[in-house]
Amino acid sequence: MSASRTVLFLTTLAISSSLAACKPTPADIQKHLQEQLISAKPGAVIELPEGKFHFDRTLSLTVDKVTLRGKGMEKTILSFAGQKEGAQGLLVKANDFTIEDIGIEDSAGDGLTVQGGSNVIIRRVRAEWTRGANENNGPYAIYPVECKNLLVEDSVARGAADAGIYVGQSENVVLRRNRAEYNVDGFEVENTENADVYDNLMTHNTGGIGVFNLPNLPRQGGKHVRVYNNQIIDNNTPNFAPKSLGPIHDLPTGTGIYVMAIKDVEIFKNRIQNNNTVNVFLIHYKTGIGDSVQETAASPITQQIFAPEDKRYYGFTQQVYVHDNEISGGGKSPDSRIAVMQTMAKAMGGSLTDILYDGLIDPAWGKKANSGQICLENNGSSTFLNFDAANNMKHPITDAKKYACSLRALSAVSIPQAK
Amino acid sequence: MKSFRHLWLPLALALGSCGSAQKEVKVFLSEPFPQKLSAWHLYTETRKGLKPNNRVIPYSLRTPLFSDYASKYRFVWMREGTSAQYRDDGVFEFPVGTILSKSFAFPSGNSEKLIETRLLVRTRAGWAALPYIWNDSQTEATLQLVPDPVPVKWTDADGRHDFTYQIPNVNECRECHDNNKTLLPIGPKARNLGKELVALWTRVGYLKGAPNDFAEVAVWNKPETGSLDERALAYLDNNCAHCHQPGGTAGYTGVDFRYGHFQPGYCKHPNSAGNMRDLRFDIVPGNPDQSILVYRLASVAPKVMMPQIGRASVHAEGVTLIRQWVSSKSLSSCQ
């Protein structure tokens, strides 16, 4: 390990000194780094010097056990502005990958993609579109997908047209001490099992964080997500996701945290404040994505001619325990694009509540009250509304006491690299 | 396309009959791989087209991947006494020592110029992908992990072609050739080689276990070989399915373009597309203008285009085929 590290470090030194000496073209730098990534042996540590390096093609790594390390997320910058080929900035398909202290800017598509890796560490990485919120930015800044044992910490994501820090179809995940701002969604935890999201700041996004399952993806059944000790504040940046990004385009501007089509979620000790549509949004897939899409996909003619409905998918939300949060100032100015939000706000006298629940329950759960086990406890003076989506809002419930209950605390996620 | 493929075919088929002092093909089964393509002795002449060495046999695919209108010259070689095992679905099981070579050439004057030759070599540790880049005088090609882009220009009946051809680097090879982190060939499947080539490979001893009859894919641009549906499915199989299948680079999208496993995303929201104007669904049956599939095929913008790598120009004829196919489906809206 130490031997290979020395050798590679010398290589890096040689390259950096030649960089300093003869001012190589951006193409030379691009070539050296890509060659290093291709030729790296397992165990290699590739050190990058300070500086802003331009790349016009995706950089990629497929060798296991490689560490890519810069001198700081503001000091070592991989810039993909004007990218000519490839849809990602850095694309990694390898196990035991670590990236530290690097900034990734202005990629055509996603900033950092890690696909199918086990034991991955993303630490002090900044992925950003420097022009700020813009529909032509890439969808995801930090995009690990199909990973196992994943740690993302002390990182920054800005400007993503879908999610700043996204984790999808993964298991055993820790996201901590990160900052996501000026993205459409700050964080997304999608179709993922066993995730701890804590000590993060989510602010000035369209929505702070989404925890949910979607159909038609290979991995289904995401569950067991803890969201705690986060600051989810002032997420009111107008939604700038293009329509083609699908449901995210319809995420209400001013959403704090939304939980959709998932079970076993624990939300506690967060500060969730001043998100103008709603601070906490608990919903069925139909409420979030809309009936029409699902009905089209499920219609007999569609099923006959086209892909069948995803039978593995379950759209209900259940067993969500929201407790000991500071929740306030939500719903002051609901997204004017979303008619149903406007209607509800009007009915409530202009504002929406801090916590909004669609009240959709599976008849299979039986007739007892709160069969979805949505439990709200010790959330200060937060206001609540179950808007009774099943009956066209005929029997709304505003008394949060009807949902005063507790669930067993979920266990912490344990991954080797986050001790 | 001007083709010099057939020029050397009779010679190539005279397998093993050559009694000259010609060096035989040499295969390298582990790193370091030779820096020069000539070290493999795959060709005996390169300046006026590739003349294959003994037992190096050319093949073609019924419906190939589009690569900027490049002419592609494919050859296969195996060690004496070894042969591939036939498989009905997917690529054959090739023996250690197999070399698949694919050379890319573009029109130049009245002839063609070789740009790159990609070798896929079945080593003891699995397949290795090796890109060799040709020199100007077409006498030698050199292994380059990260080749430089090459500007290409020519004019033909369809007009002027002028773009920068991006030669994939070693990792980019993997983006298409990877399944569950294993590098695999893509082209040599029974259905895409067709019956004639399968019979030929069997005859020369390169293939065992082939049945007398099996299903071929249609030739994408020959209506006499299949219906619109069959030709479109063949096109999508060979231009999209290497990534869009379980275990492939785009397996996580849930879209599967493999022939016989077809799940193309009718009325499906894309899960990680970029800005596709105001389009919302992968395919809106009956409405190509509202289908992201068509939009992506017709684009050369890095985050919009599909495939993501390997082309810098639009395959106009392919787009026309897929447009017709989407139009032929009923339903005209997904919501």
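Scoring rules and cut-offs
Residues numbered from 1 in each chain as written. Chains lettered and ligands numbered in written order. Predicted model: local features only at pLDDT ≥ 70, side-chain atom pairs only at ≥ 80, totals over all residues. Helix = DSSP H or I, 4+ residues; strand = E, 2+ residues; numbered from the N terminus. Rg over C-alpha atoms; globule rule 2.2 N^0.38 Å. Buried ≥ 20, exposed ≤ 12 C-beta atoms within 10 Å, placed from the backbone. Contact = placed C-beta atoms within 7 Å. Nonpolar A, V, L, I, M, F, W, Y, C, P; charged D, E, K, R; others polar. Core = buried A, V, L, I, M, F, W, Y, C linked by C-beta atoms within 7 Å. Domains from an automatic or database assignment. Axes fitted to C-alpha atoms, helices over the stretch in contact; angles between N-to-C directions. Parallel < 35°, antiparallel > 145°, perpendicular 65-115°, else oblique. Left-handed = near helix turned anticlockwise from the far one by under 90°. Pairing = 2+ DSSP bridges. Arc of directions from axis to C-beta. pLDDT = per-residue confidence, 0-100.

So, on to the overall build of chain B. Helix and strand counts for chain B stand at seven helices and 14 strands. Against the compact-globule benchmark of 20 Å for 335 residues, chain B has a radius of gyration of 20 Å, which places it among compact chains. C-alpha extents for chain B along the principal axes are approximately 70 × 45 × 40 Å. For chain B, the residues scored as buried account for 48% of the 335 residues in total. For chain B, the proportion of contacts with a sequence separation of at least 24, taken over those separated by at least 6, is 56%.

The next thing to look at is the overall build of chain A. In terms of helices and strands, chain A carries six helices and 30 strands. Here the analysis covers contacts within chain A between residues at least 6 apart in sequence; of these, 64% occur between residues at least 24 apart.

What follows is about the interface of chain B and chain A. Taken together, the contact pairs 39 residues of chain B with 42 residues of chain A. Class assignment for the residues of the side of chain B that touches chain A results in 17 nonpolar, 14 polar and eight charged.

So, about unusual backbone geometry. Residue Glu31(B) is joined to Pro32(B) through a cis peptide bond whose omega torsion reads -5 degrees. Mapped onto the fold, Pro32(B) is located in the loop between α1 (9-13) and β1 (43-45). One non-glycine residue, Asp199(A), lies in positive phi territory at about 60 degrees. The backbone of Asp264(A) sits at a positive phi, close to 60 degrees, despite the residue not being glycine. Looking at where Asp264(A) falls in the secondary structure, it is placed in strand β23 (residues 263-268). Residue Asp264(A) is classed as partly exposed on the basis of its C-beta count, with 19 C-beta atoms lying within 10 Å.

Grouped together as the largest cluster of nonpolar side chains are 196 residues, with contacts concentrated most on Ile142(A), Ile165(A) and Val259(A). For this core, the domains that each give at least three residues are domain 1 (6-208) and domain 2 (223-327) of chain B. Residues in contact with Ile165(A), not counting those within four places in the same chain, are Ala141(A), Ile142(A), Val152(A), Ala157(A), Leu175(A), Asn178(A), Ala180(A) and Phe187(A).

Residues and elements named next belong to chain B. We note that the domain assignment places domain 1 (6-208) and domain 2 (223-327) within chain B. Computed over C-alpha atoms only, the centres of domain 1 and domain 2 are separated by 26 Å. Facing the 23 residues of domain 1 at the interface are 18 residues of domain 2. Of all the secondary structure elements, the ones that give two or more residues to the side of domain 1 that touches domain 2 are β11 (159-165), α2 (170-177), β12 (178-179) and α3 (190-193). It is β11 that contributes the most residues to the side of domain 1 that touches domain 2, four residues altogether. For the side of domain 1 that touches domain 2, the per-class residue count stands at nine nonpolar, eight polar and six charged.

With that out of the way, let us pick up the packing of helix α5 (residues 228-239) of chain B against helix α7 (residues 316-327) of chain B. All names here are of chain B. Their axes nearest at 9 Å, the elements α5 and α7 cross at an angle of 130 degrees. Taken together, the axis directions place α5 and α7 in an arrangement best described as oblique. Seen from above, α5 lies across α7 with left-handed handedness. Contact residues: α5 offers Leu228, Asp229, Arg231, Ala232 and Tyr235, while α7 offers Gly318, Leu321, Ile322, Gln324 and Trp325. Across the contact of α5 with α7, the residue classes break down as six nonpolar, two polar and two charged.

To continue, consider α2(B). The buried fraction of α2(B) is high, at eight of eight residues. Among the residues of α2(B), Val170(B), Asn171(B), Glu172(B), Cys173(B), Arg174(B), Glu175(B), Cys176(B) and His177(B) are the ones counted as buried.

Here we come to the sheet that holds strand β7 (residues 111-123) of chain B. In a beta sheet, neighbouring strands are held together by backbone hydrogen bonds and run either parallel or antiparallel to one another. All names here are of chain B. Strand order across the open sheet formed by six strands is β3-β4-β6-β7-β8-β9, with antiparallel pairing between neighbours. Looking at strand neighbours, the two that pair on one side only are β3 (57-59) and β9 (141-143), the edges of this open sheet. Averaged over all neighbouring strand pairs, the angle between strand axes comes to 30 degrees, with direction disregarded. Bridge analysis of strand β8 (residues 126-134) against β9 gives three bridges, and the strand direction is antiparallel. Across the sheet, the residue bridging to tryptophan 134 is alanine 141, located in β9.

A separate point is the sheet that holds strand β3 (residues 57-61) of chain A. Residues and elements named next belong to chain A. Taken in spatial order, the eleven strands of this open sheet run β3-β6-β8-β10-β13-β16-β19-β22-β25-β28-β30, and their pairing is parallel. Looking at which strands have only one partner, the edges of the open sheet turn out to be β3 and β30 (384-386). The sheet shows a mean angle of 15 degrees between the axes of neighbouring strands, taken without regard to direction. Relative to strand β13 (residues 163-168), strand β10 (residues 140-145) is paired through three bridges, and the arrangement is parallel. Paired with tyrosine 140 across the two strands is alanine 163, which belongs to β13.

Moving on: the environment of Asp178(B). Residue and element names in this part refer to chain B. Note on placement: aspartate 178 falls in strand β12. In the structure, aspartate 178 is positioned 70 residues away from glycine 248 in sequence and 6.2 Å away in space, judged by C-alpha atoms. Contact partners of aspartate 178, with chain neighbours within four places excluded, come to Leu183 and Thr249.

Turning our attention to the environment of Arg258(B). All names here are of chain B. Position of arginine 258 among the secondary structure elements: in the loop between α5 and α6 (292-297). The spatial distance from the C-alpha of arginine 258 to the C-alpha of asparagine 221 is 19 Å, given a sequence separation of 37 residues. Once you skip the residues sitting within four places of it in the chain, arginine 258 turns out to touch Asp237, Ala241 and Gln245.

Residue and element names in this part refer to chain B. Residues of helix α4 (residues 195-203) that are buried include every one of Leu197, Val198 and Trp201, and no others. Buried residues along α4 cover an arc of 100 degrees about the axis, so they all sit on one side. Projecting away from the buried face of α4 at angles above 90 degrees are the exposed residues Glu196 and Arg203. Looking one or two residues past α4, glycine 205 carries a phi angle of roughly 90 degrees, positive in sign.

Our next topic: the confidence of the model for chain B. Residue and element names in this part refer to chain B. With 92% of its residues at a pLDDT of 70 or more, chain B has an overall mean of 89. When the criterion is pLDDT under 50, residues 1-20 qualifies, and its contacts beyond four places in sequence or with other chains add up to 24 contacts. Confidence estimates for the predicted assembly give a pTM of 0.84 and an ipTM of 0.76.

Time to look at the environment of Gly138(A). For Gly138(A), the position within the fold is in the loop between β9 (118-128) and β10. As for Gly138(A) and Ala87(A), which are separated by 51 residues in sequence, their C-alpha atoms are 8.6 Å apart.

Residue and element names in this part refer to chain A. Averaged over chain A, the pLDDT score is 89; the fraction of residues at 70 or greater is 88%. Note on residues 1-21: pLDDT is under 50 here. Beyond four places in sequence and across chains, it has 15 contacts. Within the model, pLDDT remains below 50 along residues 291-307, and this stretch shows 25 contacts once partners closer than five positions in the same chain are excluded.

This part takes up the pairing of strand β19 (residues 207-212) of chain A. Residue and element names in this part refer to chain A. Counting buried positions over the six residues of β19 gives six, a clear majority of the element. Looking at chain direction, strand β16 (residues 185-190) and β19 are connected through five bridges and run parallel. Paired with phenylalanine 187 across the two strands is isoleucine 209, which belongs to β19. Here β19 pairs with strand β22 (residues 255-260) via five bridges, running parallel. Its bridge partner lying in β22, isoleucine 209 is registered against isoleucine 257.

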